[in-house]
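Fold and geometry: a report
Here is what each chain is made of, one letter per residue.
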Amino acid sequence: MDEMNILLLGEGNLTFSYALIKKLSKSRYFRRNGEAKSDDHDGPTVGLTVTTFDTKEELEEKYPEVIPIFEYFDSKGRITITYQDAIDATMVHESFTTPFSLVYFNNPHVGVENFLLQRALLSHSFSSVGKLPSGELPQQFVLSLCDDQPTRWDLLRCAERNGYVCVFAVPFFGEEFKEYENKRHQSDTKFPFQIMTHFYFMKKGRWRHPAAAVKALCQRGSRRLEVGVRRHRRQ
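Residues numbered from 1 in each chain as written. Predicted model: local features only at pLDDT ≥ 70, side-chain atom pairs only at ≥ 80, totals over all residues. Heavy atoms only, no water.

Where an unreviewed UniProt entry is consulted, the chain appears under the name 25S rRNA (uridine-N(3))-methyltransferase BMT5-like domain-containing protein, with the organism given as Angomonas deanei.

Structure, rendered in structure tokens:
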């Protein structure tokens, strides 16, 4: 694999994007953008596509903190960063022809407390992401929800109806992404929650080596879950 392509859907104030880029930039696994493969370093480069539902103008008005983050995007040379605004997560397959190995959608919300609309958002997002082109690696779709939202919004059934299976779930405590600030999609205010969880999904029937892929993902998820729970208990 020469490049690992990552897609971020429905970003709000871009702080998760910012935190992820900083984390990837420090990783020794990935080559710098433009760096040739060598015997000492044959890892892939990273291509990151950041999307928002809002237009860039709306985003800058709602979240003033995104202005220096956009400047940070432009200054990064190690990672290829592409920003696209006005992207609807339920129709994302109409906007991209690039295969993505990893797709993130953090805290999807329709803006009102209506579980039927939330279920529709999740279901249509699964459907659209599932229509993205297949790549060399099996696609992982990561959805983060808080507290009892996965149960109330019928997350697993929405996934199953669209051919996805949850391979593991990891509590998100923030230590790995310290710069991330959760903000509401409608305003520059934080939303309260007790625990946020990242749910990792894979599309059934599209894995080249399904047993090995799921085993590796589950082992990694189990280790992260164990470490996360230990950290949470110490707090």
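Text resumes after the structure shown.
**So, the overall build of the chain**
Here is the rule: A helix here means a DSSP run of H or I that spans at least four residues, while a strand means a run of E at least two residues long, and both kinds are numbered starting from the N terminus. Residues are treated as being in contact if the distance between any of their heavy atoms lies within 4.5 Å.
The helix and strand inventory of the chain stands at seven helices and seven strands. Reading the secondary structure of the chain in the N-to-C direction produces β-α-β-α-α-β-β-α-β-α-α-β-β-α. For the chain, restricting intrachain contacts to residue pairs at least 6 apart in sequence, the fraction spanning at least 24 positions comes to 81%.

**Considering the confidence of the model for the chain**
The test is simple: pLDDT runs from 0 to 100 and stands for how confident the predictor is about each residue.
With 80% of its residues at a pLDDT of at least 70, the chain reaches an overall mean of 83. Mean pLDDT per element in the chain: helix α7 (residues 210-234) is the minimum at 45, and helix α4 (residues 115-130) is the maximum at 97. Taken together, the stretch residues 213-235 has pLDDT below 50 and engages in 25 contacts with residues farther than four places along the chain or on a different chain.

**Overview of the pattern of salt bridges**
The criterion, for reference: Just to be clear on terms, a salt bridge is a Lys or Arg side-chain nitrogen sitting within 4 Å of an Asp or Glu carboxyl oxygen.
Summed over the entire model, instances satisfying the criterion amount to four salt bridges. Residue D54 is joined to K62 by a salt bridge in which the shortest nitrogen-to-oxygen separation is 2.9 Å. When the shortest N-O distance is used, the salt bridge between D154 and R157 registers 3.9 Å.

**So, helix α3 (residues 66-75)**
As a reminder, the rule being used: Note on exposure labels: buried denotes an accessible area under 20% of the residue type's maximum, exposed denotes more than 50%, and partly exposed covers the range between, all computed with a 1.4 Å probe on protein chains only. As used here, the arc is the angular range of directions from the helix axis to the C-beta atoms.
Among the residues making up α3, those that are buried are V66, I69, F70, Y72 and F73. Looking down the long axis of α3, one finds its buried residues gathered within 155 degrees of arc, a one-sided arrangement. Exposed side chains of α3 directed beyond 90 degrees from the buried face belong to E71, D74 and S75. Buried-residue contacts for α3 involve α1 (15-26), β2 (45-51), α2 (56-62) and β3 (80-84).

**Focus on the sheet that holds strand β7 (residues 196-203)**
For clarity, the cut-off: A pair of strands is treated as paired once DSSP finds two or more bridges between them. Note on geometry: axes are C-alpha line fits, over the in-contact stretch for helices, and angles between N-to-C directions span 0 to 180 degrees.
With mixed pairing, the seven strands of this open sheet are ordered in space as β3-β2-β1-β4-β5-β7-β6. Every interior strand has two partners, whereas the edge strands, β3 and β6 (164-172), have only one. With strand direction ignored, the average angle separating the axes of adjacent strands in the sheet is 20 degrees. On the sheet, α4 packs against β1 (3-9), β4 (102-106), β5 (140-146), β6 and β7 and is oriented at approximately 165 degrees with respect to β5.

**A word on the packing of aromatic side chains**
Here is the rule we go by: Only Phe, Tyr and Trp rings take part, Trp by its six-membered ring, and two of them pair if their centres are within 6.5 Å. Stacked means planes under 30 degrees apart, edge-to-face means over 60, and tilted covers everything else. Only when the NZ of Lys or the CZ of Arg is both within 6 Å of the ring centre and within 35 degrees of the ring normal is a charge said to sit over the ring.
On inspection of all chains with the given rule, the structure shows 14 aromatic pairs. With centroids separated by 5.3 Å and ring planes inclined at 75 degrees, the aromatic side chains of F126 and F141 adopt a geometry described as edge-to-face. In this pair, F126 is assigned in helix α4 and F141 in strand β5, connecting sequence segments 15 residues apart. By relative accessible area, F126 is classed as buried at 0%. For F141, a relative accessible area of 0% corresponds to the buried category. Through pairs of rings, three or more aromatic residues link up here, namely F16, Y104, F172, F177 and Y180. The aromatic ring of F177 is capped on one face by K23, whose charged end is 5.8 Å from the ring centroid.

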